[in-house]
Every structure is written in structure tokens, then in C-alpha cells.
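Working through the structure, step by step
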Amino acid sequence: MLKPLGDRIVIEQIEQEEKTKSGIVLPDSAQEKPQEGKVVAVGNGRAADNGERIAPEVSEGNMVIFSKFAGTEVTYEGNDYLILRESDVLAVIG
Amino acid sequence: MLKPLGDRIVIEQIEQEEKTKSGIVLPDSAQEKPQEGKVVAVGNGRAADNGERIAPEVSEGNMVIFSKFAGTEVTYEGNDYLILRESDVLAVIG
Amino acid sequence: MLKPLGDRIVIEQIEQEEKTKSGIVLPDSAQEKPQEGKVVAVGNGRAADNGERIAPEVSEGNMVIFSKFAGTEVTYEGNDYLILRESDVLAVIG
Amino acid sequence: MLKPLGDRIVIEQIEQEEKTKSGIVLPDSAQEKPQEGKVVAVGNGRAADNGERIAPEVSEGNMVIFSKFAGTEVTYEGNDYLILRESDVLAVIG
Amino acid sequence: MLKPLGDRIVIEQIEQEEKTKSGIVLPDSAQEKPQEGKVVAVGNGRAADNGERIAPEVSEGNMVIFSKFAGTEVTYEGNDYLILRESDVLAVIG
Amino acid sequence: MLKPLGDRIVIEQIEQEEKTKSGIVLPDSAQEKPQEGKVVAVGNGRAADNGERIAPEVSEGNMVIFSKFAGTEVTYEGNDYLILRESDVLAVIG
Amino acid sequence: MLKPLGDRIVIEQIEQEEKTKSGIVLPDSAQEKPQEGKVVAVGNGRAADNGERIAPEVSEGNMVIFSKFAGTEVTYEGNDYLILRESDVLAVIG
């Protein structure tokens, strides 16, 4: 298991089959990175200036939209994840 | 539904038919992006340094003027929205 | 009505007929932008770090001097306004 | 009257006749701007993070030394003033 | 013993034999630096604005993933360590 | 008298006759600026975020070492002084 | 005696005879600056935002590892010291 620190969260990216309008499936390098994912782990939150943790707004299982290119990709037990800060999450879907 | 995080809000942009003085309708790429929109979702507010959330000043349904080029465009269920920070909103109209 | 957010205020700019020493009226593009205006709307103030709003020092109707080029010009119901932050106001005249 | 905002103060600059060692009076453009002035108006002070105003250290009538090139020159009722932040004042003379 | 200060921690890097897909072991200079390590010492935590220390989230013995190129390499009693800030740790593994 | 503001202090620089190893006295322009001086006036201290003044650590009469090139040189009643921030003082001697 | 201010400390650098693998002693200019030293004086600590001093973590006599190139070299009574901020100290040895 990956337990993110502070205001970080672990995202499982949702891969979508991408087609151009003419129906041709684009190879990976020609696609934009996905902006949508599922939260699989949440940190304890950022430490406020008084030392207390600010409770995160997202929860495990949430589907989220996040800034393109945000975060760091990691591979853990053969799966790819994205670790990013909650502040890079724009909105929860649902 | 899109639920924005922190001090973010979701805006539905108001498209206006743009004409030049001679009456020619300009194609999209020649227009400036709109600066006016309707708030369709509001986050919980920014976490202050003591950990409490600062209540947003805008509410769902407000018509607002916001900084050009602010925020991130997202497409959700076929509709286009703009997710921006409340601090990019200049004023509420009404 | 325009209701500015946070520490923003709405200014109605005072246009002055500008003459050079020889008495020639300069066309707009050769003039400096005005630095003087009338406050027509005031926001709730900036949120301090403890979450409370800091009361603005200017009031509606104040004549103010403000930094050149500060703020954003908006047109509302056919009138031109300038939305700027209270910190761009140098002094109240009166 | 000019009432400066926040931690700003209004300074009346002390012009001094400048001579080179050979006794030639320099025209304005060849002189350095004065660094000395008289405080003619003082703002309410900067708002601290808890929202309270920090009392200014200078008072009306103080003679002060301030950083060259600091502040903004304004003309009011035919007189020239300099509006600057109290933090640009180095020391009070007297 | 190395006792890190503030929000710093000491990491023992986990070296892994790196092979390309064809099975060739790469010499050091062609590999990326490891991103995984074991925490061997933890500081007292960052001093919050009220002067109290914020308790670190990692503990001695934790396996962690950290940002590439973060921190400073030191050699102590013949062993190589990495001293980095807890904020450079992305997640604890386990 | 010069009364510095906030966390500023007034320093009287200690000029030292500088000789090269061969005993030649260097003219001013070839010397480094002095780093040592005597404190002749101390401000009320920096205003903390809660609005209170932080008591300065140096006192009038202290001999101090300060960062080269820090501060602003002023001439007052024919004497040269340096006004700098207490944070530019590295250490008190004695 | 040198009494450092705020969060500064005075370090006596530990010079080590440096040899290349072939046994040649390198002249000073070809060596890296030492990263290890002994704490000989400690300031009162940084003033927190509430005005109180944050107690330093290092004590006189501590052997420390610090960032290369950090701090300012001073000569006092014929000895060379390094004055640096406690935040430039990576770890205490021992």
C-alpha cells in the first residue's frame, strides 16, 4: 500500500481509448495525458500554521478532475499511480 | 455534478454572438474569450492559517465578471465549464 | 450594480480635458491615463489569516488617487469602470 | 487634504539648492532626488494578520530620511508630494 | 549517528541492480537515481509559526518514495546517506 | 539625532588603515568596505504578525559584524552613518 | 567572543588534509570547502510570528554537517569562523 504524506493523494489514472474524429486510434505519444482519475489513498492533510492538520476534502474512491501534468508518476507493484497534492485537484465528480 | 475544491468555483460561460461594427460575425478564434459567466458550483472555501474555511463570497446562480484567461476549461457531460479560483472573480453583477 | 469581491473596489474614472501648455487638446492616445476617480462600490475586505474580513478604509463616494495602470477596466451597462484592489489606492482626497 | 491609506504617508520634499564644488548650480536633471522630507499626513497603519492596524512610528511634522526613488509623486492643489510606505522611511531626524 | 535538524530526515538509499529489457546491466551513470529508501533518522519536525514543532509523519524504519534529485548526499562512517526534508517524501510504502 | 524605524539600526563604521602585506597603504577605492561598526541608534523592532514589536537583540554601543554592502549610507551633521536592518547584523563582538 | 544574532550560529571549520587517491596533497584552491564543523556559539533563535524566540536545536560543542557554501566567513582574533543560519545545518553528528 502507498500512504501519501501531508496534503498528497494517490490517483489511479483512468485510461480512455482515444479516437480522432475519423475513428483512428491514436498511439500513446499523440494523446494528452488524462485529467481524470480515482483517488486510492489520501494523506493526513497539510499542517496549518498552528500545527494542526487541515482535513482533506477528497476521500478514497472519489473520481476527480486534476490539472494536467501535475504530480509525480510512480510504479508500485506493477501498477502506475500519480501522487499529487490535493490543491492540484480541481473538482470531485459525482 | 462537478464539486470544486477549496476556493474554486465552476462557471458556465455566457457566449455572446460577436459582430464587428460592419456586422460581420467573427469566427471563434478571432474573438476574445468572454469575461462574464454564471456560477454553477462553489467550493468550501480556502483554508485559513488556523485551519478553518473562509466562506466564499459568491453563491450558485450569481452572474460574475472574472479575469480573462483565468482558470481551467473542462468538459463535463458534453458541456463546457470553467473552473477558477474565487480570487479571479472581480465582481458579482446584480 | 457591480459588487466587487474581497478587497476590490469599483472606480468611476474622472476624465479631464487635457491641454498642452500651448493649449492644444491632446487626443486620447497621447494622454496619460487618469489617476483620480470616484469610488462607486466597495467589497467586503480582504480575509485576514484568522478568516475575518479586514474593513476597507475607503467608502462609496470617496474621491481617490490610485496607481496608474492598476486594476481592470470593465464596461457595465454602457459605462466604463475600473475594478482595483484597495491596496492600489494611494490616498483619499477630501 | 490628502489622507493616505494603510501604511502610507505623504511627504513634502525639501528642495535644496545644489552646487558643485566649483560653485555651479546644477539644473534639476543633474541632481539626485532629495532623500529628506517633512511628513504632512499619515495613514492608519498596515493591517496585521489578525486584522488590527499596526500604529505608524512617524507623526505629522516629523523630518524623515527615506530611500531614494521610493514612492509615487503626486500633485495636489498645485503642490508636489510624495506618497510612500512607512517601510521606505529609514529614520526620523531630530 | 546522524541526527537531522528540523523537518529533515536521513535516508539509506536502496540500490537495485538495473537491467535493460535485453538483460544488460547498466553502469551507474546510465541509471536514474533511486527513488526509494529506508528512513534511518528523523528530525524534531518543522517549527510552526507559534514556535511549536510539527510532529513528522514518517518514522525510523519506514520505506519511502521520494522526489528524484531531492536532498543532499552525505558520507558518514563509510556509508552514503541522503538528507532530505520530509516534504520531499511522497509516500510511505507498506 | 537619527532615530531609525522598525528593525533598523544606525551604525558608525570603523575605518581601519589598510595595508597590504608589503606595507603599502591602499587608497579607498581598492579596499573592501568595512564589515565592523558601532551601533549608535536602535529602532523599536519589527512589528510581528500580531502587531507587537519584537525587541531588537542589539543595543547602543554594541560592536557588530554585518554583511558587506548591506544598508544605506547617510550623511548627517557631517558624519557618515550606515542604516541597516538588524537581520543584516551577523554577530555582536565582545 | 562572537555572539551570533537570531537563528545564526558560529562554526569553527574542521580542516582535513586532503589527498587524492594517488596520495598527492591538493593545494587549497583545488579542494572542496569542508562541510563539517564544530559549533562555538549559538544565537537566541529566530523570532516566531508571535514574537517569541524558537529555541535552537544545536548547542555549543556540537559537531555538525552543513550545506556547502552556506554562511559568511569572518576572521576574529586571528581565527577563521563561519557564521550561518541554523537552517543551513543538515544534521548533528554523534
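All of the points below concern the structure found in this document. As the structure is a prediction and not an experimental result, all values here were calculated from the model.

Right, let's talk about the overall build of chain A for a bit. Along chain A, the regular secondary structure elements total zero helices and seven strands. Each helix and strand of chain A, ordered N terminal to C terminal, gives the series β-β-β-β-β-β-β. For chain A, with 94 residues in total, the buried portion stands at 39%. Contacts in chain A between residues at least 24 apart in sequence constitute 62% of all its contacts with a sequence separation of at least 6. Carbon and sulfur atoms make up 46% of the accessible area of chain A, which amounts to about 5,200 Å² in all.

With 17 residues of chain A at the contact, the number on the chain B side is 19 residues. Of all residues in chain A, Ile54(A), Glu57(A) and Leu90(A) bury the most surface against chain B, accounting for 38% of the area lost on that side. Here chain A and chain B share one salt bridge between them. Where Glu57(A) meets Arg53(B), a salt bridge forms, and the shortest distance between an N and an O atom there is 3.4 Å. Seen at the junction of chain A and chain B, the total is eight residue pairs in polar contact (both at pLDDT 80 or more). Take the side of chain A that touches chain B: its biggest share by element is five residues, from strand S7 (residues 89–93) of chain A. Of the residues assigned to the side of chain A that touches chain B, the class counts are 10 nonpolar, three polar and four charged. Sheet topology places S7(A) next to strand S1 (residues 2–4) of chain B; three bridges connect them, and they run antiparallel. Note that in S1(B) the partner of Ile93(A) across the bridge is Leu2(B).

Okay, the pairing of strand S4 (residues 63–66) of chain C next. Residues and elements named next belong to chain C. In the sheet, strand S3 (residues 36–42) pairs with S4 via three bridges, with the strands oriented antiparallel. Within S4, the position partnered with glycine 37 by the bridge is valine 64. Bridge count for S4 against strand S7 (residues 89–93) is four bridges, and the pairing is antiparallel. By the bridge assignment, isoleucine 65 is partnered in S7 with alanine 91.

Now for the environment of Gly94(E). Position of Gly94(E) among the secondary structure elements: in the segment after strand S7 (89–93). Once you skip the residues sitting within four places of it in the chain, Gly94(E) turns out to touch Met1(A) and Tyr76(A).

The next point concerns the relation of the copies chain A and chain E. In the superposition of chain A on chain E (RMSD 0.0 Å, axial shift 0.0 Å), the rotation amounts to 52 degrees. Comparing contact sets, just 16% of the residues at the interface of chain A also lie at the interface in chain E, consistent with a heterologous contact between different surfaces.

Below, the discussion takes up the sheet that holds strand S4 (residues 63–66) of chain F. Pairing in this open sheet of seven strands is antiparallel, and the strands run S5(F)-S6(F)-S2(F)-S3(F)-S4(F)-S7(F)-S1(G) from one edge to the other. This sheet does not close on itself; its edge strands, each paired only once, are strand S5 (72–76) of chain F together with strand S1 (2–4) of chain G. With direction set aside, neighbouring strand axes in the sheet form an average angle of 40 degrees. Pairing of strand S2 (residues 8–13) of chain F with strand S3 (residues 36–42) of chain F, which is carried by five bridges, proceeds in the antiparallel orientation.

A word on the relation of the copies chain A and chain B. The two copies are related by a screw motion: chain A maps onto chain B through a turn of 51 degrees and a shift of 0.0 Å along the axis, at an RMSD of 0.0 Å. A low fraction, 18%, of the interface residues of chain A reappear at the interface in chain B, so the copies pair through non-equivalent surfaces.

This paragraph deals with the interface of chain A and chain E. On the side of chain E, 18 residues touch chain A, which itself brings 19 residues to the contact. For the pair chain A and chain E, the summed buried surface comes to about 1,500 Å²; carbon and sulfur atoms form 53% of the total. Summed over the three residues of chain A that lose the most area to chain E, namely Leu5(A), Arg8(A) and Asp49(A), the buried surface amounts to 35% of that side. Here chain A is connected to chain E by one salt bridge. Remark: the boundary between chain A and chain E carries eight residue pairs in polar contact (both at pLDDT 80 or more). Mapped by element, the contributors of at least two residues to the side of chain A that touches chain E are strand S1 (2–4), strand S5 (72–76) and strand S6 (79–85) of chain A. Broken down by class, the residue content of the side of chain A that touches chain E amounts to nine nonpolar, five polar and five charged.

Residue and element names in this part refer to chain G. Of note, aspartate 7 is situated in the loop between S1 and strand S2 (8–13). Residue aspartate 7 is classed as buried on the basis of its relative accessible area of 16%. At a separation of 2.8 Å, a polar atom in the side chain of aspartate 7 contacts the side chain of arginine 85. Residue contacts for aspartate 7: discarding those within four places in its chain leaves Gly45, Arg46, Leu84, Arg85 and Glu86.

Position of Arg8(C) among the secondary structure elements: in strand S2 (residues 8–13). Buried and unpaired, Arg8(C) has Asp7(C) as its nearest opposite-charge partner, separated by 5.3 Å. Among the polar contacts listed, one links the side chain of Arg8(C) to the backbone oxygen of Ser87(B), at a separation of 2.7 Å. Apart from residues lying up to four places away in sequence, Arg8(C) is in contact with Ser87(B), Val89(B), Leu90(B), Val42(C), Gly43(C), Ile83(C), Leu84(C) and Arg85(C).

Residues and elements named next belong to chain A. Phi at glutamate 77 takes a positive value of approximately 50 degrees, unusual for a residue other than glycine. Mapped onto the secondary structure, glutamate 77 falls in the loop between S5 and S6. Among the residues examined, glutamate 77 registers a relative accessible area of 65% and is labelled exposed.

Another point: the sheet that holds strand S1 (residues 2–4) of chain F. Taking strand neighbours across the sheet as the criterion, the seven strands line up as S5(D)-S6(D)-S2(D)-S3(D)-S4(D)-S7(D)-S1(F) in an open arrangement whose pairing is antiparallel. Whereas interior strands pair on both sides, the edge strands pair on one side only; in this sheet they are strand S5 (72–76) of chain D together with S1 of chain F. Ignoring which end each strand starts from, the neighbouring axes of this sheet average 40 degrees apart.

Cut-off values and rules
- Residues numbered from 1 in each chain as written.
- Chains lettered and ligands numbered in written order.
- Predicted model: local features only at pLDDT ≥ 70, side-chain atom pairs only at ≥ 80, totals over all residues.
- Heavy atoms only, no water.
- Helix = DSSP H or I, 4+ residues; strand = E, 2+ residues; numbered from the N terminus.
- Buried < 20%, exposed > 50% of the residue type's maximum accessible area, 1.4 Å probe, protein only.
- Contact = heavy atoms within 4.5 Å.
- Areas by Shrake-Rupley, 256 points an atom, 1.4 Å probe, with all protein chains shown as cover.
- Buried area = accessible area lost by both parts, 1.4 Å probe.
- Salt bridge = Lys/Arg side-chain N within 4 Å of Asp/Glu carboxyl O.
- Polar contact = N/O pair within 3.5 Å; in protein donor to acceptor, adjacent residues only side chain to side chain.
- Nonpolar A, V, L, I, M, F, W, Y, C, P; charged D, E, K, R; others polar.
- Pairing = 2+ DSSP bridges.
- Least-squares fit on C-alpha atoms with pLDDT ≥ 70 in both.
- Axes fitted to C-alpha atoms, helices over the stretch in contact; angles between N-to-C directions.
- Lys, Arg positive; Asp, Glu negative; His and termini not counted.

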